[in-house]
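# Structural overview for review
Take a look at the letters that make up each chain.
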Amino acid sequence: FPGVSTGQWWRLFTVALTHAGVLHLISNMYCLWAFGPTLERYFGKVRFSLLFLLSLVAASAASVYFGPQNIYKVGASGAVFGLLGGLLVISKRVGINYQSVVSTVVLNMVITFTVPNIDWRAHVGGLLAGVVVTYFLMFSKRT
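Everything in this summary refers to the structure shown in the same document.

Rules used throughout
- Residues numbered from 1 in each chain as written.
- Predicted model: local features only at pLDDT ≥ 70, side-chain atom pairs only at ≥ 80, totals over all residues.
- Heavy atoms only, no water.
- Helix = DSSP H or I, 4+ residues; strand = E, 2+ residues; numbered from the N terminus.
- Rg over C-alpha atoms; globule rule 2.2 N^0.38 Å.
- Axes fitted to C-alpha atoms, helices over the stretch in contact; angles between N-to-C directions.
- Parallel < 35°, antiparallel > 145°, perpendicular 65-115°, else oblique.
- Left-handed = near helix turned anticlockwise from the far one by under 90°.
- Contact = heavy atoms within 4.5 Å.
- Expected span 1.5 Å × (residues − 1).
- Buried < 20%, exposed > 50% of the residue type's maximum accessible area, 1.4 Å probe, protein only.
- Arc of directions from axis to C-beta.
- Phe/Tyr/Trp six-rings, centres within 6.5 Å; stacked < 30°, edge-to-face > 60°.
- 1 Å grid on protein atoms, 1.4 Å probe; cavity = no way out; pocket = protein on both sides within 12 Å on 5 of 7 lines; lining within 4 Å.
- Points joined across faces, edges and corners; volume = space filled by probe spheres on them.
- Core = buried A, V, L, I, M, F, W, Y, C linked by side-chain atoms within 4.5 Å.

Here we take up the overall build of the chain. Secondary structure summary: the chain contains six helices and zero strands in total. When the helices and strands of the chain are listed from N to C terminus, the series reads α-α-α-α-α-α. The globule rule puts the C-alpha radius of gyration for 143 residues at 15 Å, and the 15 Å found for the chain is close to it. C-alpha atoms of the chain, sized along the principal axes, occupy 50 × 30 × 25 Å.

Let us look at the packing of helix H4 (residues 77-94) against helix H5 (residues 99-114). Interaxial distance between H4 and H5 falls to 9 Å at its minimum, and their mutual angle equals 155 degrees. Between H4 and H5, the angle is such that the two are roughly antiparallel. Considering only the axes of H4 and H5, their crossing is left-handed. Taking contact as the criterion, the partners of Phe81, Leu84, Leu87, Leu88 and Ser91 in H4 are, on H5, Val101, Val102, Thr104, Val105, Asn108, Met109 and Thr112.

Okay, H5 next. Between its first and last C-alpha atoms H5 spans 22 Å; for 16 residues at 1.5 Å apiece the expected length is 22 Å, and the two agree. Of the positions making up H5, those classed as buried are Val101, Val105, Met109 and Thr112. Down the axis of H5, the smallest arc covering the buried residues is 70 degrees, so these residues share one side. Exposed positions of H5 whose direction lies more than 90 degrees from the buried face are Leu107 and Thr114. The inward-facing, buried residues of H5 abut H4 and helix H6 (120-139).

Let us now look at the packing of aromatic side chains. In this structure the tally under the stated criterion is four aromatic pairs. Note on tyrosine 42 and phenylalanine 43: the rings are 5.0 Å apart at their centroids and 85 degrees apart in plane angle, and the pair reads as edge-to-face. Classification of tyrosine 42 by relative accessible area gives partly exposed; the value is 24%. Considering the side-chain rings of phenylalanine 113 and tryptophan 120, the 5.7 Å spacing of their centres and the 35 degrees angle between planes classify their relative orientation as tilted.

Attention shifts here to the layout of surface pockets. Of the volumes computed, that of the largest pocket is approximately 1200 Å³. Contributing to the lining of the largest pocket are 44 residues, with His24, Lys73, Val74, Gly75 and Asp119 lying nearest its centre. At the level of elements, helix H1 (11-14), helix H2 (22-43), helix H3 (45-66), H4, H5 and H6 are the ones that each hand at least two residues to the lining of the largest pocket. Counting residues per element, the lining of the largest pocket draws most heavily on H4, at six residues.

Another aspect to go through is the nonpolar core. The biggest cluster of nonpolar side chains holds 26 residues, and the ones touching the most others in it are Leu39, Phe43, Leu51, Leu83, Leu84 and Leu127. Secondary structure elements with two or more residues in this core: H2, H3, H4, H5 and H6. The residues contacting leucine 39, other than those within four sequence positions of it, are Gly44, Phe48, Leu51, Leu83, Gly86, Leu87 and Ile90.

The quantities given are spatial measurements derived from coordinates; they are silent on function.
Written out as C-alpha cells, the structure reads:
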C-alpha cells in the first residue's frame, strides 16, 4: 500500500491538496477564510505560514502514526484545526472573549467524533500542534 511508510514523505504535505468531495473542500476553505486572516494579521505572512505548515505536518504525522495504514487520508482539516488551536491561544492571550472559539472547537470535535470516516487523529494532532506552535511563535514574536 503506497504511502508515507513506503518512503513517500511528501504525502505529509500534499494531503492538504486532496479532498473527499466538494463539501469537504468548501468546509476547509471556509474555515481557512474565517480564521486565517486574524492569525495572519497577528503573526504576519511568514509566521502564519509556519503555523499552518507545522500544524499540517503534525496532523499528518499523528494520522500516519496512530491511524490505520491501509486507507487513504485526505484534506487540510488537521491544519485548519491547528489554526483553531492558535486562535484559541491568541484570543486568551490578548484578553478577548474566547468562548466563541471554544464553542467552535467543541462543535468541530463533536462532528469529528460522530461523523463516520473522519480522521480524528489528524484533527486532534493538528489542534495540539496549533496550540504548541502558537506558544512558541508568541514567545519569539518581535514587537
